[in-house]
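Remarks on the overall topology
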Amino acid sequence: EAGVAQSPRYKIIEKRQSVAFWCNPISGHATLYWYQQILGQGPKLLIQFQNNGVVDDSQLPKDRFSAERLKGVDSTLKIQPAKLEDSAVYLCASSLGRQRFYNEQFFGPGTRLTVL
Amino acid sequence: TQLLEQSPQFLSIQEGENLTVYCNSSSVFSSLQWYRQEPGEGPVLLVTVVTGGEVKKLKRLTFQFGDARKDSSLHITAAQPGDTGLYLCAEKGGGYQKVTFGTGTKLQVIP
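Computed from a predicted model, the values in this text were never measured in an experiment.

1. Quick notes on the overall build of chain B
Within chain B, the regular secondary structure consists of 0 helices and 11 strands. Its helices and strands in sequence order give chain B the pattern β-β-β-β-β-β-β-β-β-β-β, from N to C terminus. Against the globule reference of 13 Å for 111 residues, chain B gives a C-alpha radius of gyration of 13 Å, in line with a compact fold. In terms of its C-alpha atoms, chain B occupies a principal-axis envelope of roughly 45 × 30 × 20 Å.

The structure is reproduced here in structure tokens:
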């Protein structure tokens, strides 16, 4: 079974530029998550989708970050414009769905973003 | 928002040594998970504990959930270089099973 796919793996941009990350979850997984992980820290949830609807975006900086999950499958996360403090690894994860208490989140390898 | 503090923040030990890392919360956990993250990869789930006082073993790893469900520990026996990584505790709870990660413990096992 294929895992969670993310691209690109690395991205370097100048501050104030825009950037987009792509995630393809495990087939059949209804829930998709985007996390931000700053070096040396634990991941922080940015947004959680249930199918193509948002169920939690309380920690998403909405003035510059946006995310969508069209058709309830793939998802993109965009930053516009980027700031120096956005330098981090952006992790995508998916799981079967909220009805299953023990259902496991499976993470992709992440996209490492460096903002200069 | 619940704060999950992990200690120590960094740990460097020789192969064959034992170690324990801790996860503490300001409030009661719904359920607690432990993950390991290797460089360049996403976290991988090791275990989920739900009941206060619960102990689970995974080969050389022993996970304990505090009786009051506000703390947890991970003990590794005879550490190996393959155990190197970032160990994360996380609380899973709420209507949409949100996962909130701790601050992490970075472990290095030297051959």
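2. Quick word on the pattern of salt bridges
Residues and elements named next belong to chain B. Summed over the entire model, instances satisfying the criterion amount to 5 salt bridges over all chains. The partner of Lys56 in a salt bridge is Glu54, and the shortest N-O contact between them spans 3.7 Å. We classify Lys56 as partly exposed; its relative accessible area is 31%. Here Arg60 ties to Asp83 by a salt bridge, and the two come within 2.9 Å at their closest N and O atoms. Highlighted residues: Arg60 in the loop between β6 (55-58) and β7 (61-65) and Asp83 in the loop between β8 (71-76) and β9 (85-93), separated in sequence by 23 residues.

3. Points about the interface of chain B and chain A
How big an interface is tends to be stated in terms of the accessible area lost upon association of its parts. On the chain A side, the residues contacting the 21 residues of chain B number 23 residues. Together chain B and chain A conceal approximately 1,900 Å² of surface at their shared face, both sides included; 53% is due to carbon and sulfur atoms. Three residues stand out in chain B for area buried against chain A, namely Tyr96(B), Gln97(B) and Lys98(B), and they jointly supply 30% of the buried area on that side. The closest approach of N and O atoms between Lys98(B) and Asp56(A), which form a salt bridge, is 3.5 Å. Scanning the region where chain B abuts chain A turns up 4 residue pairs in polar contact (both at pLDDT 80 or more). Among the secondary structure elements, those contributing two or more residues to the side of chain B that touches chain A are β4 (32-37), β5 (44-49), β9 and β10 (98-101) of chain B.

4. Examining the environment of Lys78(A)
All names here are of chain A. Mapped onto the elements, Lys78 comes out in strand β8 (residues 75-79). By relative accessible area, which is 40% here, Lys78 ends up partly exposed. On a C-alpha basis, the gap between Lys78 and Ala20 in space is 4.3 Å, while along the polypeptide they are 58 residues apart. Discounting residues that sit within four places of it in the chain, Lys78 has contacts with Val19, Ala20, Arg64, Phe65 and Ser66.

5. Re the environment of Thr111(A)
Residue and element names in this part refer to chain A. As for its placement among the helices and strands, Thr111 is situated in strand β11 (residues 111-115). C-alpha separation for the pair Thr111 and Arg16, spaced 95 residues apart in sequence, amounts to 19 Å. Ignoring anything within four residues of it in the chain, the contact list for Thr111 reads Gln6, Ser7, Pro8, Arg9, Tyr10, Phe21, Ala88, Val89 and Tyr90. Within the structure, the side chain of Thr111 is placed 2.5 Å from the backbone oxygen of Pro8, a separation counted as a polar contact.

6. Here we look at the environment of Ser58(A)
Here Ser58(A) is to be found in the loop between β6 (53-56) and β7 (65-68). One polar contact links Ser58(A) to Asp56(A), side chain to side chain, over a distance of 2.8 Å.

About the thresholds
- Residues numbered from 1 in each chain as written.
- Chains lettered and ligands numbered in written order.
- Predicted model: local features only at pLDDT ≥ 70, side-chain atom pairs only at ≥ 80, totals over all residues.
- Heavy atoms only, no water.
- Helix = DSSP H or I, 4+ residues; strand = E, 2+ residues; numbered from the N terminus.
- Rg over C-alpha atoms; globule rule 2.2 N^0.38 Å.
- Salt bridge = Lys/Arg side-chain N within 4 Å of Asp/Glu carboxyl O.
- Buried < 20%, exposed > 50% of the residue type's maximum accessible area, 1.4 Å probe, protein only.
- Contact = heavy atoms within 4.5 Å.
- Buried area = accessible area lost by both parts, 1.4 Å probe.
- Polar contact = N/O pair within 3.5 Å; in protein donor to acceptor, adjacent residues only side chain to side chain.

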